[in-house]
Amino acid sequence: ASNDLWGGRYAEGPSAIMREINASIGFDRKMWRQDISGSLAHAKMLAHVGIISTEDEAAIRAGLAGIAQEIEEGRFPFSEALEDIHMNIEARLTERIGEAGKRLHTGRSRNDQVALDVRLWVRDAIDGLDAQIAAVMRELVARAAEHAGTVMPGFTHLQPAQPTTFGHHLLAYVEMLSRDRGRLADCRKRLNESPLGAAALCGTGFPIDRHMTAAALGFDGPTRNSLDSVASRDFAAEFLFACAMCATHLSRFAEEIVIWTNPYFGFIKLSDAFTTGSSIMPQKRNPDAAELVRGKTGRVIGSLVGLLTVMKGLALTYFKDMQEDKEGIFDAAESLALGLAAIGGMVRDMKPQVARLAEAAGAGFSTATDLADWLVRELRFPFRDAHHVTGRLVALAEGKGVDLAGLTLAEMQSVEPRITDGVFGVLTVQASVASRTSFGGTAPANVARMAAEWQERLG
Ligand code: ARG
């Protein structure tokens, strides 16, 4: 049989393969709420301007409410033959209310309908993700406040660099996540125009009121070009980039959790709640949740690249290629949501090993920069000369198997005679972090102040 909804000129139905490659109902059913919202706004507008009667509008409203309930309760008869969520709902509406259901699609096309539904879905996803990111930030800030003065090694190249604090390290991620929220907010602002009423591609001759539907659906206004309205998915690509960037931030944190839980580091412990054992090695505690946050980032980045690749060769306006936008969008949003939940859980769960962190913070001649700075400050060395002298002192200490503070004053003076025992005051990890009071620096007092500022900002 041919399709009831568009099959007027068709004698035969599609082949099974055609049906399978064409159908999106398996995934786009996720947009049923958005589809119904759009139809309700459209029907109300049609009645308002007199294109359909108020009785028809009332029947459509009641019919769509019934359908929402059917879907909610898992009773809706989804059909692959009806291709997508739009046709499934419209066909069911007509089944339920008859004639009036067939009037709903006046002045509308699936092209503007799907563009609308995806925008609404992405907008909802942005709101959900924004709240989740804020929640993770609150967890990070709480732990940062607790550990503003907990020293740990700061790394570059994963080599010991300078001592920092656990709180400062966590607040670095707070800054990143805050920018991620900003990117999502920008994206939301730009996508918040309604494509409904662009119809197939050229608009419509019916006296529709696009401003009315836009306002009813919470948009700032209607899109301004009908061709652009049905052809563009840059809002979705932007969303996917914001997701990919946020997922990348989570992935870097996840990588650090993997490193920190490694017993050779021993910087943090995760509880049983966020680790798994091995089926053969009884001693194992694997940070699988962190590994999966890192791993799922690949899917999110893949969705961004996937959508750009789908779009790059498309002339205007709509092509069915664009049906391939949805699974990536859904998957990226869901993977990121799960990643945020897992990271939030691990931040709450992790136990920083304060003594081990302090021991590691002092290893690897991590206060060598402090020594060089002392030579500049106290002996008026040019920094380059101070760097050279300190390098020689590090080599001396390394040869003797001690750290910098383990050298005697006489040994130091064998390299640079003007050094006094005042130098030992800057070689401890505590002195090092406390000295770094420049704005944004690692000093515990700075970190505590920043954490308090964030606490206030996040509420
Ligand atoms: N399922 C389609 C999609 O996701 C809806 C739009 C169909 N439009 C069309 N002209 N066939 O893109």
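Cut-offs used in this document
Each chain carries its own residue numbering, running from 1 in the written order of its sequence. Per-residue local features are limited, in this predicted model, to residues with pLDDT of at least 70; the limit for side-chain atom pairs, both in listing and counting, is 80 or more; totals at the level of whole chains, interfaces and linings are taken over all residues. With hydrogens and water excluded, all non-hydrogen atoms of the structure serve as input to the side-chain values. UniProt positions are given in the numbering used here, feature names are shortened, and annotations may be inferred rather than shown by experiment. Here, nonpolar core refers to any group of buried Ala, Val, Leu, Ile, Met, Phe, Trp, Tyr and Cys residues whose side-chain atoms link them within 4.5 Å. Burial status follows relative accessibility: with a 1.4 Å probe on protein chains alone, a residue under 20% of its type maximum counts as buried, one over 50% as exposed, and anything between as partly exposed. Segments assigned H or I by DSSP are reported as helices when at least four residues long, segments assigned E as strands when at least two residues long, and all are numbered from the N terminus. Note on contacts: a residue pair is in contact if any heavy atoms of the two residues lie within 4.5 Å. Computed over the protein atoms alone on a 1 Å grid, cavities are sets of points where a 1.4 Å probe fits but cannot get out and pockets are open sets with protein on both sides within 12 Å along at least five of seven lines; a residue lines them when it has an atom within 4 Å of a point. Grid points are joined across faces, edges and corners, and a volume is the space filled by probe spheres set on the points. Each residue is assigned to one class: nonpolar for Ala, Val, Leu, Ile, Met, Phe, Trp, Tyr, Cys and Pro, charged for Asp, Glu, Lys and Arg, and polar for all the others, Gly among them. In these notes, residues near a molecule or strand are those with any non-hydrogen atom within 4 Å of it. What qualifies as a polar contact is a pair of N or O atoms within 3.5 Å, subject to a donor-acceptor requirement within protein and to the restriction that residues adjacent in sequence count only when both atoms come from side chains. In short, Shrake-Rupley with a 1.4 Å probe defines the accessible areas, and a residue's cover is counted only from the protein chains shown. At least two bridges found by DSSP between two strands are what make those strands a pair. Aromatic rings from Phe, Tyr and Trp, with only the six-membered ring used for Trp, were paired whenever their centres fell within 6.5 Å, and each pair was classed as stacked if the ring planes differed by under 30 degrees, edge-to-face if by over 60, and tilted otherwise.

Under an unreviewed UniProt entry, the name given to the protein is Argininosuccinate lyase, and the organism recorded is Falsiroseomonas stagni DSM 19981. According to UniProt, the comment filed for the protein under the heading Catalytic activity (unreviewed entry) is "2-(N(omega)-L-arginino)succinate = fumarate + L-arginine". Heading Sequence similarities (unreviewed entry) of the UniProt record for the protein holds this comment: "Belongs to the lyase 1 family. Argininosuccinate lyase subfamily."

Asks: Which parts of the structure should I look at to understand the nonpolar core?
Replies: Soluble globular proteins tend to bury their nonpolar side chains together. Counting 88 residues, the largest nonpolar core has Leu140, Phe239, Phe253, Ile257, Ile329, Ile343 and Met346 as the members making the most contacts within it. Of the residues forming this core, the biggest block, 16 residues, is contributed by helix α11 (residues 234–261). Excluding its chain neighbours within four sequence positions, the residues that come into contact with Ile329 are Val118, Trp121, Val122, Ala236, Phe239 and Leu240. Counting residues in each nonpolar core, the second largest holds 20 residues, with Trp374, Phe381, Leu404 and Val423 among its members.

Asks: Just to check I follow, could you spell out the layout of surface pockets for this structure?
Replies: To find the voids left in a structure, one rolls a probe of water-molecule size over its atoms. The calculated volume of the largest pocket comes to roughly 550 Å³. Taken together, 27 residues form the lining of the largest pocket, with Asn3, Asp4, Leu5, Leu82 and Met87 sitting closest to its centre. Breaking the lining of the largest pocket down by element, the ones donating at least two residues are α1 (16–22) and α5 (85–97). Among the residues forming the lining of the largest pocket, the class breakdown is 11 nonpolar, 7 polar and 9 charged. In this structure, the second largest pocket spans a volume of roughly 340 Å³. Lining the second largest pocket are 15 residues, with Thr261, Asn262, Pro263, Ile268 and Arg285 sitting closest to its centre. Among the secondary structure elements, those contributing two or more residues to the lining of the second largest pocket are α11 and β5 (268–269).

Asks: Would you take a moment to explain empty space enclosed by the protein for this structure?
Replies: A full pass over the atoms with the stated rule returns 1 cavity of 30 Å³ or more. Looking at the largest cavity, its volume works out to about 30 Å³. Taken together, Val136, Leu140, Tyr173, Leu177, His249, Leu250, Phe253 and Ile343 make up the lining of the largest cavity. Going through the elements one at a time, α7 (110–146), α8 (166–191) and α11 are the ones with two or more residues in the lining of the largest cavity. Among the elements that line the lining of the largest cavity, the one with the most residues is α11, at 3 residues. Taken together, the residues that form the lining of the largest cavity break down as 7 nonpolar, 1 polar and no charged.

Asks: Even after reading the chapter, I still don't get the UniProt feature "domain: Fumarate lyase N-terminal" (unreviewed entry) in the protein, so can you show me in this structure?
Replies: The UniProt record annotates "domain: Fumarate lyase N-terminal" (unreviewed entry) at residues 8–302. Between the C-alpha atoms that bound residues 8–302 there is a distance of 40 Å. The span itself is 62% helix and 6% strand.

Asks: Would you take a moment to explain the environment of Arg418 for this structure?
Replies: Among the structural elements, Arg418 can be located in the loop between α17 (409–415) and α18 (429–435). Between the C-alpha atoms of Arg418 and Asp288, which are 130 residues apart in sequence, the distance is 54 Å. Beyond its immediate chain neighbours, meaning those up to four positions away, Arg418 contacts Leu379 and Phe381.

Asks: What's the story with the site of the ligand in this structure? I'm lost.
Replies: Contacts to the ligand come from Ser24, Asp28, Asp84, His86, Arg110, Asn111, Val114, Tyr318, Lys320, Gln323 and Lys326. Separating a nitrogen atom of the ligand from a side-chain N or O atom of Ser24 is a distance of 3.3 Å. At 2.9 Å, a side-chain N or O of Asp84 approaches a nitrogen atom of the ligand. When isolated, the ligand has an accessible area of 350 Å², and the protein chains bury 87% of it. For the shell around the ligand, the element with the highest residue contribution is α7, accounting for 3 residues. Of the residues contributing to the shell around the ligand, the split by class is 2 nonpolar, 4 polar and 5 charged.

Asks: It is not clear to me how the pairing of strand β1 (residues 151–156) should be interpreted in this structure. Could you clarify?
Replies: Relative to strand β2 (residues 159–165), β1 runs antiparallel, the two sharing 6 bridges. Along β2, the bridge assignment pairs Pro153 with Pro163. Hairpin connection, β1 to β2: the antiparallel pair is bridged by 2 residues, and His157 has positive phi, about 60 degrees.

Asks: Please clarify how the packing of aromatic side chains should be interpreted in this entry.
Replies: Applying the stated rule across the entire model yields 8 aromatic pairs. When the centroid spacing of 6.3 Å and the interplanar angle of 20 degrees are considered together, the rings of Phe155 and Phe267 count as stacked. In this pair, Phe155 is assigned in strand β1 and Phe267 in the loop between α11 and β5, connecting sequence segments 112 residues apart. Residue classification places Phe155 among the partly exposed residues on the basis of a relative accessible area of 29%. What makes Phe267 buried here is its relative accessible area of 2%. Note on Phe166 and Trp260: the rings are 5.5 Å apart at their centroids and 45 degrees apart in plane angle, and the pair reads as tilted. Residue Phe166 is located in helix α8, and its partner Trp260 is located in helix α11; the two are separated by 94 residues in the primary sequence. Each member of the pair, Phe166 as well as Trp260, is classed as buried.

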